[in-house]
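Analysis of the macromolecular model
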Amino acid sequence: MMIVGVVGKICAVFVSIPQPIVGGVLMVMFGMIAAVGISNIQFADMNSSRNLFIVGFSIVFGLALPHYMNGHPNAIQTGIIYNGKHFSLFLGKRTYCSQ
């Protein structure tokens, strides 16, 4: 990728790709990543309450955390202003936690 950025003609090809195309490619890519992750669940024993708890908690926590952080922007107090703001920023955005 660094070589592509240096070579102007190749870089121009990537820059000329329309944003909707890039968005569609990213949706397909992240969809495939999610599908592969979910397909790995088939190898787990879903009759085990421990495994059910882990999967359920992960899904609910990933969906609920951005909503909570948007409603409570000062929820994370690390004592270091720089860290607290960055944690709040990253955990408050749905992009970083879940789609």
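Since we're looking at a predicted model, the values are computed, not measured. (Residues numbered from 1 in each chain as written. Predicted model: local features only at pLDDT ≥ 70, side-chain atom pairs only at ≥ 80, totals over all residues. Heavy atoms only, no water.)

Thoughts on the overall build of the protein
A count of helical and extended segments in the protein gives six helices and zero strands. Secondary structure elements of the protein occur, N-terminal to C-terminal, as α-α-α-α-α-α. Scored against the burial criterion, the 99 residues of the protein give a buried share of 10%. Across the protein, the fraction of contacts at a sequence separation of at least 24, relative to all contacts at a separation of at least 6, is 32%. Accessible surface, the protein as shown: approximately 8,300 Å² in total, 72% of it carbon and sulfur. (Helix = DSSP H or I, 4+ residues; strand = E, 2+ residues; numbered from the N terminus. Buried < 20%, exposed > 50% of the residue type's maximum accessible area, 1.4 Å probe, protein only. Contact = heavy atoms within 4.5 Å. Areas by Shrake-Rupley, 256 points an atom, 1.4 Å probe, with all protein chains shown as cover.)

Here we look at a nonpolar patch on the surface
Residues V6, V7, I10, F14, I17, I21, V22, V25, L26, M29, F30 and I33 make up a contiguous nonpolar surface patch of about 1,100 Å² in total accessible area. At the level of elements, α2 (8-15) and α3 (19-39) are the ones that each hand at least two residues to the nonpolar patch. The element contributing the most residues to the nonpolar patch is α3, with seven residues. With respect to the secondary-structure elements, V25 resides in helix α3. (Patch = residues over 30% accessible without salt bridge, like charges linked within 9 Å, V, L, I, M, F, W, Y side chains within 5 Å. Salt bridge = Lys/Arg side-chain N within 4 Å of Asp/Glu carboxyl O.)

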